[in-house]
Amino acid sequence: MRVAIIGAGAMGSVYAGLFAAAGNDVLAVTRNRSHVDAINGAGLRVEGASGDRTVRLTASTSAQGEKADLVILAVKASQVAQAATEAAPLIGPRTTVLTIQNGLGSADAAAAVVGAEKLAVGIAGGFGASLPAPGHVYHTGMQVVQIGAYFTLDKARLDAVVDAWKAAGFNAMAAQNIAAMQWEKLICNVAFSPICALTGMTCGQVMDNPATWRLGIAASQEAWRIAKALNVGIKVEDPVAHVQSFGERVRGAKPSMRMDHEAGRASEIDAINGAVPRFAAQVGLEAPVNEMLTTLVKAREQVFLNAS
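Residues numbered from 1 in each chain as written. Predicted model: local features only at pLDDT ≥ 70, side-chain atom pairs only at ≥ 80, totals over all residues. Heavy atoms only, no water.

With respect to the overall build of the chain
Move 1: Looking only at helices and strands, the chain has 12 helices and 12 strands in total.
Move 2: For the chain, the C-alpha radius of gyration of 19 Å lies close to 19 Å, the compact-globule estimate for 308 residues.
Move 3: Each of the three principal axes of the chain carries a C-alpha extent, and together these read 50 × 40 × 35 Å.
Move 4: Here the chain holds 308 residues, and 55% of them are scored as buried.
Move 5: Of the contacts made within the chain by residues no fewer than 6 positions apart, 69% connect residues no fewer than 24 positions apart.
Move 6: Each charge class in the chain was averaged separately, 26 positive and 25 negative side chains, and the resulting centres sit 3 Å apart. (Helix = DSSP H or I, 4+ residues; strand = E, 2+ residues; numbered from the N terminus. Rg over C-alpha atoms; globule rule 2.2 N^0.38 Å. Buried < 20%, exposed > 50% of the residue type's maximum accessible area, 1.4 Å probe, protein only. Contact = heavy atoms within 4.5 Å. Lys, Arg positive; Asp, Glu negative; His and termini not counted. Charge placed at Lys NZ, Arg CZ, Asp CG, Glu CD.)

In structure tokens form, the structure reads like this:
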């Protein structure tokens, strides 16, 4: 299978490395020139939960070459539409596009560009990744990748995508309800991502501190109530137990929102905590905890973005 990863940052590089290790023809696209040069020169080292290996693949700063069987959009939620547009040279009639982000809204943005009939939606759970050096990615977890069809994607094409992820060593499974899948992860993300970004804590430290844990749980309970009001079909009956179970599996992890702030980048806060009050308004409710956390994260971002 020819696989193109658009957005080969930390998580995208894990995807690229494991797909390449499984024998796929992989193109990794990133604007990080030093990362591209290192991969093309000596290969990509993938270290962590899946082992330690160096694999050969092609890296580039632009989407180019033959049409791909699978295009994975592994960029931030706010960059999905642009990434889908830039991936156009790689997308043919039989190409399946998989968009895999935190939060809500990226699937709609991708579908508007590539077409709903080509689109699958993924959620990665229990992963944590970083780039220690150009050409080297480290990941702390590798629990599950859930993949669902975006409305009209053919089942056979969805099954082929899920099978490809399984063959690459991922614990991948098909999901029947994309909205529920996204909300079930969002309930966890809203509890950890903004607090880790604001305090510099890991997920485990948030849980161990009574003040931050109360705040995280309040955010998750609020998101859970909105999901229930929207009737999206989540299976979570106890949001506290759900978030605690997730957090225990990734105690040492630094969420991507914290890593964005450490790198001086804007985060995905609008697609994570910021999504909760937007959806709450659709059913006549409010989400003050998530709205407050969104405001605080954006205020902090405004400080370092204006200073750069």
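As for the environment of Gln 79
Move 1: Along the chain, Gln 79 falls in the loop between strand 6 (70-73) and helix 3 (80-86).
Move 2: Spatially, the C-alpha atom of Gln 79 lies 22 Å from that of Asn 290, the residues being 211 residues apart in sequence.

So, the nonpolar core
Move 1: Tyr 15, Phe 19, Leu 57, Ile 72, Ile 147, Trp 165 and Phe 170 are the most contacted members of the largest nonpolar core, which has 41 residues in total.
Move 2: Top element by residues in this core is helix 1 (residues 10-21). It accounts for 7 residues.
Move 3: Sequence-distant contacts of Phe 170, defined by excluding residues within four places in its chain, comprise Val 14, Tyr 15, Leu 18, Phe 19, Phe 127, Met 142, Val 145 and Trp 165.
Move 4: With 40 residues, the next largest nonpolar core counts Ile 187, Cys 196, Met 207 and Val 297 among its residues. (Core = buried A, V, L, I, M, F, W, Y, C linked by side-chain atoms within 4.5 Å.)

Structural notes on the pattern of salt bridges
Move 1: Taken as a whole and judged by the stated rule, the model has 15 salt bridges.
Move 2: Linking Asp 159 and Lys 155 is a salt bridge whose minimum nitrogen-to-oxygen distance equals 2.7 Å. In this pair, Asp 159 and Lys 155 both sit in helix 5 (residues 155-167), 4 residues apart, roughly one turn of the helix.
Move 3: Residue Lys 155 is classed as exposed on the basis of its relative accessible area of 58%.
Move 4: Its salt-bridge partner being Lys 298, residue Asp 270 comes within 3.2 Å of it at the nearest N-O pair. You can see Asp 270 sitting in the loop between helix 10 (256-262) and helix 11 (275-282) and its partner Lys 298 sitting in helix 12 (residues 288-307), a full 28 residues away along the chain. (Salt bridge = Lys/Arg side-chain N within 4 Å of Asp/Glu carboxyl O.)

Here's the deal with the state of the cysteines
Move 1: For the structure on display, the rule yields 0 disulfides.
Move 2: The thiol of Cys 188 is unpaired, and the distance to the nearest cysteine sulfur, on Cys 203, comes to 9.7 Å.
Move 3: With no disulfide partner, Cys 203 has as its closest neighbouring cysteine sulfur the one in Cys 196, 4.5 Å distant.
Move 4: For Cys 203, a relative accessible area of 3% corresponds to the buried category. (Disulfide = S-S within 2.5 Å.)

Some remarks on the packing of aromatic side chains
Move 1: Within the structure shown, the criterion is met by 9 aromatic pairs.
Move 2: On the basis of an interplanar angle of 40° and a centroid distance of 6.1 Å, the ring pair of Phe 192 and Phe 246 is categorised as tilted. Linking Phe 192 in helix 6 (residues 178-199) with Phe 246 in helix 9 (residues 239-249), this pair joins segments that are 54 residues apart in sequence. Take Phe 192 and Phe 246: they sit in the same class, and that class is buried. (Phe/Tyr/Trp six-rings, centres within 6.5 Å; stacked < 30°, edge-to-face > 60°.)

Side note on the sheet that holds strand 9 (residues 129-133)
Move 1: Strand order in this open sheet of 4 strands is 4-3-10-9, and the pairing throughout is mixed. Two strands in the sheet have a free side with no partner beyond their single neighbour: strand 4 (51-55) and strand 9. Strand-to-strand, the axes of this sheet are offset by a mean angle of 20°, without reference to chain direction.
Move 2: As judged from the 4 bridges shared by strand 3 (residues 44-48) and strand 10 (residues 136-139), these two strands associate in the parallel manner. By the bridge assignment for strand 10, Val 46 is matched with Val 137.
Move 3: Sitting on the sheet, helix 1 touches strand 3, strand 4, strand 9 and strand 10, and the angle it makes with strand 9 is about 85°.
Move 4: Lying over the sheet, helix 2 (residues 33-42) contacts strand 3, strand 4, strand 9 and strand 10, oriented at roughly 100° with respect to strand 3. (Pairing = 2+ DSSP bridges. Axes fitted to C-alpha atoms, helices over the stretch in contact; angles between N-to-C directions.)

Quick look at the packing of helix 6 against helix 9
Move 1: Relative to each other, helix 6 and helix 9 sit at 70°, their axes nearing to 9 Å. Here helix 6 is positioned roughly perpendicular relative to helix 9, judged by the angle of their axes. Along its contact with helix 6, which presents Glu 184, Ile 187, Cys 188, Ala 191 and Phe 192, the element helix 9 presents Pro 239, His 242, Val 243, Phe 246 and Gly 247. (Parallel < 35°, antiparallel > 145°, perpendicular 65-115°, else oblique.)

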